[in-house]
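Now for the letters of each chain:
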Amino acid sequence: MNEIKNVIFDLGGVLVDLDIERCTAAFRALGMPRVADLINPYYPAEMIGRLERGDISFREACDEMRRLDGRPEVTDSEIAAAYSAFLVGIPVAKLRQIMRLREAGVRTYVLSNNNPAAMVAIRGAFTADGHTMDDYFDKIYLSYELHELKPSEAIFRKVIADSGVIPSETLFIDDGRKNVDAAQALGFAVYMPAPGEDFGHLFEEITR
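In the annotation of an unreviewed UniProt entry, the entry for the protein chain reads HAD family phosphatase, and the organism field reads Alistipes finegoldii.

Turning our eyes to something else, we now look at the pairing of strand S1 (residues 6-9). Burial along S1 is two-sided: Asn6 and Ile8 and Val7 and Phe9, pointing in opposite directions, are all buried. Summarising the sheet, S1 and strand S4 (residues 107-112) pair through 4 bridges and their orientation is parallel. Within S4, the position partnered with Ile8 by the bridge is Tyr109. Pairing analysis gives 4 bridges linking S1 to strand S6 (residues 170-173), with the strands arranged parallel. Paired with Phe9 across the strands is Ile173, a residue of S6.

With that out of the way, let us pick up unusual backbone geometry. The residue after Lys150, namely Pro151, is reached through a cis peptide bond having omega 10 degrees. Tracing the backbone through its elements, the reader meets Pro151 in the loop between helix H8 (143-146) and helix H9 (153-163). With a phi angle near 60 degrees, His147 is a residue other than glycine that sits in the positive phi range. Inspection of the secondary structure puts His147 in the loop between H8 and H9.

Once that is clear, we can look at the pairing of S4. Among the 6 residues that make up S4, 5 are buried, leaving the element largely enclosed by the rest of the structure. Judged from the 4 bridges that link them, S4 and strand S5 (residues 139-142) form a sheet pairing that is parallel. Its bridge partner lying in S5, Val110 is registered against Ile140. Between S4 and its parallel partner S5, the chain crosses via helix H7 (residues 116-125), and the hand of that crossover is right-handed.

Moving on, we get to the state of the cysteines. According to the stated counting rule, one finds 0 disulfides in the structure shown. Free cysteine: Cys23, not disulfide-bonded; nearest cysteine sulfur from Cys62 at 13 Å. Residue classification places Cys62 among the buried residues on the basis of a relative accessible area of 0%.

What follows is about empty space enclosed by the protein. Gaps between atoms show up when a probe of the same size as a water molecule is rolled over them. Evaluation of the coordinates by the stated rule reveals 1 cavity of 30 Å³ or more. The wall of the largest cavity is formed by 24 residues, among which Gly12, Leu18, Pro41, Glu52 and Asn113 lie closest to the centre. Among the elements of the structure, helix H3 (46-52) and H7 are those that each provide at least two residues to the lining of the largest cavity. In terms of residue class, the lining of the largest cavity is made up of 11 nonpolar, 8 polar and 5 charged.

Rules used throughout
- Residues numbered from 1 in each chain as written.
- Predicted model: local features only at pLDDT ≥ 70, side-chain atom pairs only at ≥ 80, totals over all residues.
- Heavy atoms only, no water.
- Buried < 20%, exposed > 50% of the residue type's maximum accessible area, 1.4 Å probe, protein only.
- Helix = DSSP H or I, 4+ residues; strand = E, 2+ residues; numbered from the N terminus.
- Pairing = 2+ DSSP bridges.
- Right-handed = clockwise from strand over helix to strand, strands pointing away.
- Disulfide = S-S within 2.5 Å.
- 1 Å grid on protein atoms, 1.4 Å probe; cavity = no way out; pocket = protein on both sides within 12 Å on 5 of 7 lines; lining within 4 Å.
- Points joined across faces, edges and corners; volume = space filled by probe spheres on them.
- Nonpolar A, V, L, I, M, F, W, Y, C, P; charged D, E, K, R; others polar.

Take a look at the structure:
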């Protein structure tokens, strides 16, 4: 894999450890069981899809969630906290692996289906080793800013056009089968890690 010059990472389930049970329990604790049933770490439900595609604001999504479960008293910040319960954290070992890639001259990127509230918590998690999230990546591509969702071809085309990466020189790491298949169809090298897998061996091959 020593022809790889760029690595594009997914966030949740790849760099950020997830706990879906903790997230759904947090929504149920708010009296929002219908919202809890919408939570899917791989392919978002329609309303969450609109949030992650940037079609609606976080406030508008919260309004829909409150209506769905008939809980008008639940605040935006309570919903944000429940959603962020998804996020367990980022192992420092993974942060250091990314830094070693960058020190070896490999360009690193993020491409994530995500939402503004979760990104606040994720950016906080990236400070675990004394750096900020921006220190680890050449650019961070987020679905709600690109107004596209993985696994659409359009989101990959936008990343290629903006970053200038050549797919055949780029490793895409994602834990969603449809996302990996979409990237592979466009010529990317791909890897789909198992939950909790340490895939650092890939980087040793790239930088060897």
